[in-house]
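Observations on the three-dimensional arrangement
These are the residues of each chain, in order.
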Amino acid sequence: MGAWLLQHRRSLLVLLFVLVVAGLLSATKMPVALFPNVVFPRIVVSADSGNMPIPQTEIAVTRPLEQALRAVPGVQRIRSTTARGATEVSVQFAWGSNMTEALLQAESAVNKVLPALPPGTRFTARRMDPTVFPVLGLSLTSDRLDAVALRRYAEYDLRPLLLAIHGVAQVDVQGGAREEYQVVVDPMRLQSYGLTLAAVEKALSNGNIITAVGRLQRHYRLYQILSESPLKNVQDIRHIVLKTGTAGVVDLADVAHIRVGTAPQWTTVTANGKNAVLVNIKQQIGANTVAIDHAIRALLRQDASRIPPGVKLSVWYDQSQLITAAASSVRDAIFIGAALAAVVLLVFLRNLRLTFIVALVLPSVLLASVLVLYVLHQSFNIMTLGGMAAAVGLVVDDAVVMLEHIMRRLTQKPDEGESDEGEPSVILHSALEMSKPLAGSSAATIIIFLPLAFLSGVTGAFFQALAISIAAALLVSFLVAYLAVPLLADLFLRPQDAEKAEHEGRFLSWFSRWYGNHLDKLLQHPWFLLGIVLGFLFVGGWSYTQVGSGFMPAMDEGGFVLDYTAAPGTSLAETDRLLDQVQQILAKNRDVASYSRRTGLQLGGGITEANTGDFFIRLKTQRQQSIWQVMQTVRQQIHDQVPGLRVETGQLMEDLIGDLTAVPQPIEVKIFGANDRTLQKLARQVAAQIGQVPGVVEVFDGITIAGDAVDIHVDPVKAALAGMTPAEVTRQLQTLMAGRVVSRIPQGQEMIGVRVRAPRAQWDAIRRLRQLPIIAPDGHYLALGQVAEIRRQSGQAELHSENLKPMVAVTARIEGRAMSTVMGEVKGRLAHLRLPQGVYLQYGGLYREQQRSMRELALVLLAAILLVTVLLLFLYERFTVVLSILATSLLALGSVFVGLWLTGTERNITAMIGMTMIVGIVTETAIFFFAEARSAEPHELVRAGRVRLRPVLMTAIIAILALLPLALGLGAGAQMQAPLAIAIISGLLAEIPLVLLVMPALYAWLDRRLQKRSVRAPH
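Quick summary incoming for the structure in this document.

So, how was this worked out
Residues numbered from 1 in each chain as written. Predicted model: local features only at pLDDT ≥ 70, side-chain atom pairs only at ≥ 80, totals over all residues. Heavy atoms only, no water. Phe/Tyr/Trp six-rings, centres within 6.5 Å; stacked < 30°, edge-to-face > 60°. Helix = DSSP H or I, 4+ residues; strand = E, 2+ residues; numbered from the N terminus. Buried < 20%, exposed > 50% of the residue type's maximum accessible area, 1.4 Å probe, protein only. Lys NZ or Arg CZ within 6 Å of the ring centre and 35° of its normal. Pairing = 2+ DSSP bridges. Axes fitted to C-alpha atoms, helices over the stretch in contact; angles between N-to-C directions. Salt bridge = Lys/Arg side-chain N within 4 Å of Asp/Glu carboxyl O. Parallel < 35°, antiparallel > 145°, perpendicular 65-115°, else oblique. Left-handed = near helix turned anticlockwise from the far one by under 90°. Contact = heavy atoms within 4.5 Å. Nonpolar A, V, L, I, M, F, W, Y, C, P; charged D, E, K, R; others polar.

1. Describing the packing of aromatic side chains
Here the structure, examined in full by the defined rule, presents 15 aromatic pairs. For the ring pair Phe672 and Tyr840, a centre distance of 5.1 Å and an interplane angle of 15 degrees mean the geometry is stacked. One end of the pair, Phe672, is in strand β21 (residues 667-672); the other, Tyr840, is in strand β31 (residues 840-844), with 168 residues separating them in the sequence. Using a relative accessible area of 3% as the deciding quantity, one classes Phe672 as buried. Through a chain of ring-to-ring contacts, three or more aromatic side chains come together here, namely Tyr876, Phe929, Phe930 and Tyr1003. When the ring centre of Phe700 is taken as reference, the NZ or CZ atom of Arg646 above it lies at 3.7 Å.

2. Some remarks on the sheet that holds strand β6 (residues 168-175)
Spatially, four strands are ordered β6-β15-β5-β16 in an open sheet, and the strand pairing comes out antiparallel. Of all the strands in the sheet, just β6 and β16 (311-318) have a single pairing partner and so form its edges. Recorded for the sheet is a direction-independent mean angle of 20 degrees between the axes of neighbouring strands. Taken together, the seven bridges between strand β5 (residues 136-142) and β16 define a ladder with antiparallel strand orientation. Bridge pairing links Thr141 to Lys312 in β16.

3. Some thoughts on the pattern of salt bridges
Side chains that differ in sign of charge can pair as their charged atoms come close. Applying the stated criterion across every chain yields a total of 31 salt bridges. A salt bridge links Arg152 to Glu750; its shortest N-O distance comes to 2.4 Å. Of this pair, Arg152 sits in helix α5 (residues 147-163) while Glu750 is found in strand β25 (residues 750-757), placing the two residues 598 residues apart along the sequence. The class of Arg152 is partly exposed, set by a relative accessible area of 30%.

4. Focus: the packing of helix α30 (residues 879-903) against helix α31 (residues 909-932)
At a minimum axis separation of 9 Å, α30 and α31 run at an interaxial angle of 140 degrees. Regarding the angle of α30 to α31, the classification is oblique. In this structure, α30 crosses over α31, and the sense of that crossing is right-handed. Packed against α30, whose contacting residues are Val881, Ser884, Ile885, Thr888, Ser889, Ala892, Leu893, Val896, Phe897 and Leu900, the element α31 presents Ala911, Met915, Ile918, Val919, Val922, Thr923, Ala926 and Phe930 at the interface. A per-class count over the contact of α30 with α31 returns 14 nonpolar, four polar and no charged.

Encoded structure:
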């Protein structure tokens, strides 16, 4: 092997260079995004059937949809919300399902039952993926242009430019107003001319015609014959003829007032307190978020002169800022870790050539691993970048171990019978000696990631990308350490470098002797081992009880979403008045950079009333308070200054994950039962109970009351006596009140609607509504009160169900405490709740996802231990070695809880991944120890320990320092990996005494016990 390496050293080094260049090119092509490319197994079907009462909507729309969608193959759970005339059904599939096929099957199932739904029912079905939220949000405000002109510019000038950018999937425009022609009909004048509303609608429709009626061939040419009488402006509409006769011509202007107005809307959109138009840019799946952002900003700079005068264009949300900040943080963590590793190498080895080799190897391994990620269709995101930063210490370890072994062999005299073929062959022969331990140690670290492939849910979706990035780096690191490092050492190192590196300093020499004496005493007195092991077990077990568990690590995203709900039935104008006070609170906060507001709309879509909506609040980069303090301050100020407004706060990533997985809150108590009133009563009791638990905030009882309604009950008999049916009366009411668009006029790039309606003054109060004139088919007039009963109806609660069972979900957020601790107290309080027969509780939300993830991660940890056991047995075929290494790894796990407790870190899924990695890291170091130990004799173990002392200290200190920037959470994105780094650092600190002291003593004790048993056994 050494001769082969020597023969092919040029080709191998050039191959490494090619891989590095390929990795560098791949890095420029890899997509950059906030999350890994995750397919969330959820489809949302929304149906609109007008304004039917909620109980009727549930029977006529929700239940048929639920039953149809439940039959779709692969459906695991169905959850529905029924509002007035609207239904939203969330369909959950198994992770890993083909969601394109699932969406088509869901649409097919709905289409089958669509004819049986109320006439006019419309539905939409959409897959839930990270692209449902915008990656870039622009706001347009102007002191010169009105709302119509502002929206027209956004929709017909700006939107096409943005859609032309590579990677942009959709551009949504919210806010502003749409222009339309309004024909305000006077029903009394209609009646006086013997006309009806239907006649007006027919005349408008027939008076705006452009139709091809035939073709004509003449003199070698083909002519298309058009019959056209288009409407162009208000004057054309005014002169539409409704009736002719002996008395003359009746124009539309004789019975109606025609004007240019705006289409009715029940939403409000603002930016920084001003009425605005929001442009939300959504990316294609797998697109490069940062590239899209750069392209859009470049486009806006180039077209700045085309922006109408007086229009201010601002960015209210930019996801790429978080991505680039996270990438910069990880980049800085890599550079800092590499620099600290170089300092450690200089301190221990005192040689610039050795440090240069490691400095050359580290970026080479990372860039080559980027090529692996590119081939596996990964992207640069928080998880893959964090995985590369976490792998820095491990990558350096492989190179250091190989170099340290080569240096030691260079300073040793050859054994008898070993040919001295010159220094290069000694270096390559030394590398060959380390091949088996290096392969075994690398395999021990890599195979622990194999069980992560079987994780499901959010944990699997996110942390599989982390595992792939770390495993790729470790695999490339092994190949480089095995093949390239010996060649680089052969190229750069001199014999005097080895002599200088192997000459231990005064302190290290003293420490080596001190360590050897204490290890010898421990080997001679194995009972001390029991005390050390019990000490580790006690401290680790006690720390475990002090560490709370959580789900995803908290990360400062630089902005948050504030959802709000006013009292049921609150008008749009009154909601705006309340929100003006909220905007004043935000404007006075020094840490708020900008904000946008939607009323009657939501960032993620869904059923929204005029009294609900959300803010997105972007914070300044340099601020006095953390994002959690700002959220708490804003929430408390709204509670004190704007009574009657219920708010919920959450960061966008947390909000997005909640929307994608249908588990938006950490606490969710689901109450199932058959009686809606009983469920609502219990929901209020549950909300009151959990609201008393410390750390529980934003408690919502799950009862959403729709606004009050005015119920117009048309009497069929009275309507028949007037020559009408209830349907004909209802159609007239829709035209008179909401208005009906009966025609459209092309103007520029848009079609302007022509809406027929009655003067609002005729029905803006219930008493006037009773006098609203209805015109019978024979032309006579009657008041609505003559054929219908009009009464006010109080608001009804929205209905919820899960798997076709009626349900109310009480939700809350957690602040300042661990999820496990809070949920323990919540369960304790609700255990004493008396439930009626047939009613039961279930816990959902992020807590349920956390519990499932923790169970799966525990199985992953167990599987990693079993895989490591199989590997060790394959390497050594001796249970004494395997048991001593496994016991050392398990003892190191206990130290992780000590580190989490001391740093106040929750035991979340990131920390659990770190615990799994500790098993491989400790095993890797142990393998190198046993590669040096030739027997279980005390003097041999002391010798092996003293030989491995310096590399163990070097590799542990380098890994700790490399992970330190992540553990401190320096910069955006690093907070996501901080628990993982803390867990690994804690294990590494324990690894030093465990591997150097406890493991040899345990191995010697096990070996003596085995020998005694062999002696006693009969032959």
